[in-house]
Amino acid sequence: MTNLGVKCQSNSTPWWAPNQPGFVSGVGDPNFGECLGFVDVPSYVSCQAYYWSVSRLCHCSYNVENDQFFGTGLSSAFIPQNETAVFAHKIAPGHTAAMTHFWVTASQETLDDSIFRYYFDGEKTPSVEFIPGPAVGVGFSDTQAPWGTKWFGVGAGNGHGTAYFLNFKMPFSSQVVVTIQRPSGTRGGFYTIFRGALDVDIEVGGRTIPKNATLKLQKNSTTLQPLDFLAVTDVPSGSGVHFMSTLIAKSGNLNFLEGCYHAYSPYNRAFPGTVMSTGTEDYFDSGWYFNAGEFHFPVSGFTHINQTNGVEWSAYRFHEMDPLFFSDGLKFVWRNGDMVDKETGNKCFTESGGIIVGSPTASEVTSYSWVYVW
């Protein structure tokens, strides 16, 4: 450990745990500051073992920085209550790379509050932090399966163990660290895969995005009053492309679906900006309050509806076929219900003083927006 620049107190206790040998770097661990498990190490120790407070010492037989693809898998593992690094990779100078695949399975109860974080290029705050269900466009623990697009889906479920996958390309220029956490408590029966590739070109809408781009996941979880606006994507300056978003809502009735989407670029553009829909359901490529039922299309999906007690609803929409590139910031906004102009009857163009459509109520809303910025 001294050769690695790590100063720690040597502990002579023989090896006793598969996350050893290592340095106890977690402040909350009673063995903080000690080097553990360096005595009587077995000839084989599984590379899958990890513990939230331990920085593992590993020996590599070759330099992996130039590998064309990379990743790891964890089987029959525990997802810990404390944030724990489970995968890290550095690439050689002169290259770029991207994480390209994520998969996880466990009980739905476990996954409902399991948090995955991706830290790129030494950042202290992760660019990507998600719970698997909303990340693949699904709200309210809906386990309908199997379904999928080339980008994401649910491969197992239907009230049993659930499996999610995600193929978004998450670029980086030097290194990535992936962590896992379940704040409500450590749980077993957890399996996951992370994979990436070197020198990957990323295209959106037929255009290759710059090598210095970063994928940001912007999230909201709030209560909106009738006619309130929500900035689903909020990039005050710079260039990028809005890739996809998920909207999850719990409301008193379906009238929240009257809400229109608006895009503002430049960022300070006046209302109504560019009107992106004439209601919520048509933004997600449906109509008439989704009267044909749930669907999972390549571009859009209506993933959940429950009207037992009010309305629970979720949907996703990609902008790969109709890209939303911007060069002076972007604000992408949804409204909880809407109003029509008193004179013309047109909806989406009246910010205040119009006639409210139906009787929208307060809505509990969660949104996930994935946007490449550079």
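Here the structure is a predicted model, which means the values were calculated and not measured.

Student: Please explain the environment of Pro171 as it appears in this structure.
Tutor: With respect to the helices and strands, Pro171 occurs in strand 13 (residues 170-172). Residue classification places Pro171 among the buried positions, given a relative accessible area of 8%. Residue contacts for Pro171: discarding those within four places in its chain leaves Ala97, Ala98, Phe120, Ile202, Ala213, Thr214, Leu215 and Tyr372.

Student: Help me out: how do you make sense of the nonpolar core in this one?
Tutor: The nonpolar side chains of a soluble globular protein tend to be buried with one another. Within the largest apolar cluster, 54 residues are counted, with the highest numbers of intra-cluster contacts made by Met99, Tyr118, Phe130, Phe168, Met170, Phe194 and Trp370. Residue contributions to this core peak at six residues, all from strand 7 (residues 97-106). Beyond its immediate stretch of four places on either side in the chain, Phe168 contacts Met99, Thr100, Trp151, Phe152, Leu215, Phe243, Met244, Phe318 and Trp370. Formed by 27 residues, the second largest nonpolar core is a distinct cluster that contains Leu247, Ala263, Phe295 and Val311.

Student: Any chance you could explain the state of the cysteines here in plain terms?
Tutor: Joining two cysteines, a disulfide is a covalent bond between their sulfur atoms. In the structure shown here, the tally under the stated rule is two disulfides. Two residues share a disulfide in this structure: Cys8 and Cys35, whose sulfurs sit 1.6 Å from each other. Between Cys8 and Cys35, the S-S torsion sits near -80 degrees, and that sign places the bridge as left-handed. Taken together, the residues Cys8 in the segment before strand 1 (9-10) and Cys35 in strand 3 (residues 34-36) connect sequence positions 27 residues apart. Residue Cys8 is classed as partly exposed on the basis of its relative accessible area, which comes to 25%.

Student: Is there a simple way to explain the pairing of strand 27 (residues 330-335) in this structure?
Tutor: Of all six residues making up strand 27, five are buried, and the element is well covered by its neighbours. Here strand 19 (residues 229-235) runs beside strand 27; their pairing, made up of six bridges, is antiparallel. What sits directly across from Phe229, in strand 27, is Arg335.

Student: It is not clear to me how the side chain of Thr280 should be interpreted in this structure. Could you clarify?
Tutor: The residue Thr280 is located in helix 3 (residues 280-283) in this model. Residue classification places Thr280 among the buried positions, given a relative accessible area of 0%. Only 2.8 Å separates the side chain of Thr280 from the backbone oxygen of Gly259, close enough to count as a polar contact. A distance of 2.8 Å separates polar atoms of two side chains, one belonging to Thr280 and the other to Trp334. Excluding residues that lie within four positions of it along the chain, Thr280 makes contacts with Phe256, Leu257, Glu258, Gly259, Tyr261, Trp313 and Trp334.

Student: For this particular structure, what's the right way to read the sheet that holds strand 27?
Tutor: Across a sheet, strands are paired by hydrogen bonds formed along the backbone, either parallel or antiparallel in direction. The strand order across the open sheet formed by four strands is 19-27-21-22, and the pairing between neighbours is antiparallel. The open sheet terminates on both sides in strands that have one partner only, identified here as strand 19 and strand 22 (274-275).

Student: What exactly am I supposed to notice about the packing of aromatic side chains here?
Tutor: We describe a pair of aromatic rings using the distance from one ring centre to the other and the angle between the two ring planes. Throughout the structure, instances matching the rule amount to 40 aromatic pairs. Both rings, one in Phe284 and one in Trp313, keep their centres 5.7 Å apart while their planes meet at 75 degrees; by these two values the pair is edge-to-face. Of this pair, Phe284 sits in the loop between helix 3 and strand 23 (295-296) while Trp313 sits in strand 25 (residues 311-318), and the two are 29 residues apart along the sequence. Each of the two residues, Phe284 as well as Trp313, counts as buried.

Student: Can you help me understand the pairing of strand 21 (residues 261-264) in this one?
Tutor: Regular strands have side chains that alternate between both faces of the sheet. Taking every second residue as pointing to the same face, both faces of strand 21 are buried, with Tyr261 and Ala263 on one and His262 and Tyr264 on the other. Examined bridge by bridge, strand 21 and strand 27 share four bridges and lie antiparallel to one another. Paired with Ala263 across the bridge in strand 27 is Phe332. For strand 21 and strand 22, the ladder comprises two bridges, and the chain directions are antiparallel. Bridge pairing in strand 22 places Ala263 opposite Thr274.

Student: Could you clarify how one ought to interpret the sheet that holds strand 1 in this entry?
Tutor: Overall, mixed pairing links the four strands, which are arranged 1-3-2-4 in an open sheet. Of all the strands in the sheet, just strand 1 and strand 4 (54-56) have a single pairing partner and so form its edges. Strand direction decides the pairing type here: strand 2 (residues 22-24) and strand 3, joined by two bridges, are antiparallel. The residue bridging Phe23 from the neighbouring strand is Cys35, located in strand 3.

Student: Whenever I open this one, unusual backbone geometry confuses me. Can you help?
Tutor: As a rule of thumb, non-glycine residues mostly have phi less than zero, and peptide bonds are mostly trans rather than cis. Here the residue pair Ala145 and Pro146 is connected by a cis peptide bond, since its omega of 0 degrees sits within 30 degrees of zero. Along the chain, Pro146 turns up in the loop between helix 2 (132-135) and strand 10 (147-148). In this model, Phe271 is joined to Pro272 through a cis peptide bond whose omega is 10 degrees. Inspection of the secondary structure puts Pro272 in the loop between strand 21 and strand 22. The phi angle at Ser141 is positive, at roughly 55 degrees, despite the residue not being glycine. Within the secondary structure layout, Ser141 lies in the loop between helix 2 and strand 10.

Student: How should the side chain of Gln181 be read in this particular structure?
Tutor: Relative to the assigned elements, Gln181 resides in strand 14 (residues 175-181). Within the structure, the side chain of Gln181 is placed 3.1 Å from the backbone oxygen of Gln81, a separation counted as a polar contact. At 2.7 Å, the side chain of Gln181 and the side chain of Arg117 are in polar contact. Discounting chain neighbours no more than four positions away, the residues touching Gln181 are Ile79, Pro80, Gln81, Asn82, Glu83, Asp113, Ser114, Ile115 and Arg117.

Student: When you look at the pattern of salt bridges in this model, what are you seeing that I'm missing?
Tutor: Close approach of charged atoms lets side chains of opposite charge pair. For the coordinates displayed, the defined rule picks out eleven salt bridges. Measuring nitrogen to oxygen at the nearest pair gives 3.8 Å for the salt bridge that ties Arg117 to Glu83. Of this pair, Arg117 sits in strand 8 (residues 115-120) while Glu83 sits in the loop between strand 5 (69-79) and strand 6 (84-90), and the two are 34 residues apart along the sequence. You can call Arg117 buried: its relative accessible area is 10%. Of the residues examined, Glu83 reaches a relative accessible area of 30% and is grouped as partly exposed. A salt bridge links Arg335 to Asp338, with the nearest nitrogen and oxygen atoms 3.3 Å apart. Residue classification places Asp338 among the buried residues on the basis of a relative accessible area of 1%.

Each value, and the rule that gives it
Per chain, the residues get numbers from 1 upward, laid out in the order the sequence is written. Only residues with pLDDT of at least 70 are given local features in this predicted model, and only at 80 or more are side-chain atom pairs given and counted; all residues enter the totals for whole chains, interfaces and linings. Hydrogens and water molecules were not included; the side-chain quantities draw on all heavy atoms of the structure. Under the scheme used here, helices are H or I runs from DSSP no shorter than 4 residues and strands are E runs no shorter than 2 residues, and both carry numbers assigned from the N terminus. Under the scheme applied here, a residue whose accessible area is under 20% of the maximum for its type counts as buried, over 50% as exposed, and between as partly exposed, the area being computed with a 1.4 Å probe on protein chains only. Note on definitions: a residue-residue contact is assigned when non-hydrogen atoms from the two residues lie within 4.5 Å. In these notes, a set of buried Ala, Val, Leu, Ile, Met, Phe, Trp, Tyr and Cys residues joined through side-chain atoms within 4.5 Å is what counts as a nonpolar core. What counts as a disulfide here is a pair of cysteine sulfur atoms lying within 2.5 Å. Strands are labelled as partners when DSSP assigns at least two bridges between them. Any N or O atom pair separated by 3.5 Å or less is treated as a polar contact, with the protein-specific requirement of one donor-capable and one acceptor-capable atom, and with residues adjacent in sequence counted only for side-chain atom pairs. When the centres of two rings from Phe, Tyr and Trp lie within 6.5 Å, Trp using its six-membered ring, the rings pair. Their planes under 30 degrees apart give stacked, over 60 give edge-to-face, and anything left gives tilted. What makes a salt bridge here is a side-chain nitrogen of Lys or Arg within 4 Å of a carboxyl oxygen of Asp or Glu, nothing more.

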